[in-house]
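Chain and residue survey
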Amino acid sequence: MSLVVETDRLVLRALAEADRAEFVRVEVEGREHFAPWMPRREPISDDEMFDRQLARLASSERDGSELRRAVFSCDDKRLVGFVNLTQIFRGPFQSCYMGWRVAADVLRKGYGTEMVGGMLDAAFAPEGRGLGLHRVQANIVPTNELSLRLAERVGFRREGVALRYLEIAGEWADHVMLAKTVEEHEVRRM
């Protein structure tokens, strides 16, 4: 699926080989900032991580199980973040999980709100224009206040807390469970 989403300031598109240097820059600059909210990763180079991301993208695009997008600024073409829809389930469920990460050098500039809003449009727009999903869920570590505020700004509602939900930074961490359904979202861009 070659779905591209354009917002006022951003382009959400598949990662490409030409994006390697920007990917590595964002990984290196953000490593320390994002460590408290990320699973531990095996000790591989940033280049190898990029290669794995490209391979995963190709596989998930073929089978429709994920929609992973790199987010670029329209002005200077810089990579400003990532937003992903994973574990896309069809049939009566029509649901997925969403995750995002804004590049550390552009935090608090509104890019997160814009890119997550754009990806929600892609998730909820009818098939043909988007994925035609019914529900999107996000799970966030309670100490990640920026992500929690972002989720609430784009209309996610809190549904509860999953205790010891995911291993983050080497510890089993609780997560706030948030969700949004198609009935709660107005598609603006698709």
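Note that this is a predicted model, so its numbers are computed, not measured.

Concerning helix α4 (residues 145–153)
For α4, the set of buried residues is Ser147, Leu148, Leu150 and Ala151. When α4 is viewed along its axis, its buried side chains cluster within an angular range of 160° and face the same direction. Residues Glu145 and Arg153 are exposed on α4 and point more than 90 degrees away from its buried face. One or two steps after α4, the chain reaches glycine 155, where phi turns positive at roughly 100°.

Details of the packing of helix α1 (residues 20–34) against helix α2 (residues 46–63)
Between α1 and α2, whose axes approach to 10 Å, the crossing angle comes to 120°. With respect to their mutual orientation, α1 and α2 come out oblique. The interaxial crossing formed by α1 with α2 has right-handed handedness. Residues Arg20, Phe23, Val24, Glu27, Val28 and Arg31 of α1 pack against Asp46, Asp47, Met49, Phe50, Asp51 and Gln53 of α2.

With respect to the pattern of salt bridges
According to the stated counting rule, one finds 20 salt bridges in the structure shown. When the shortest N-O distance is used, the salt bridge between aspartate 47 and arginine 20 registers 3.2 Å. Of the two residues, aspartate 47 is situated in helix α2 and arginine 20 in helix α1; the sequence distance between them amounts to 27 residues. Salt bridges sharing partners connect three or more residues here, namely Glu22, Arg25, Glu29, Arg78 and Asp105.

Here is what the cut-offs are and how they apply
- Residues numbered from 1 in each chain as written.
- Predicted model: local features only at pLDDT ≥ 70, side-chain atom pairs only at ≥ 80, totals over all residues.
- Heavy atoms only, no water.
- Buried < 20%, exposed > 50% of the residue type's maximum accessible area, 1.4 Å probe, protein only.
- Helix = DSSP H or I, 4+ residues; strand = E, 2+ residues; numbered from the N terminus.
- Arc of directions from axis to C-beta.
- Axes fitted to C-alpha atoms, helices over the stretch in contact; angles between N-to-C directions.
- Parallel < 35°, antiparallel > 145°, perpendicular 65-115°, else oblique.
- Left-handed = near helix turned anticlockwise from the far one by under 90°.
- Contact = heavy atoms within 4.5 Å.
- Salt bridge = Lys/Arg side-chain N within 4 Å of Asp/Glu carboxyl O.

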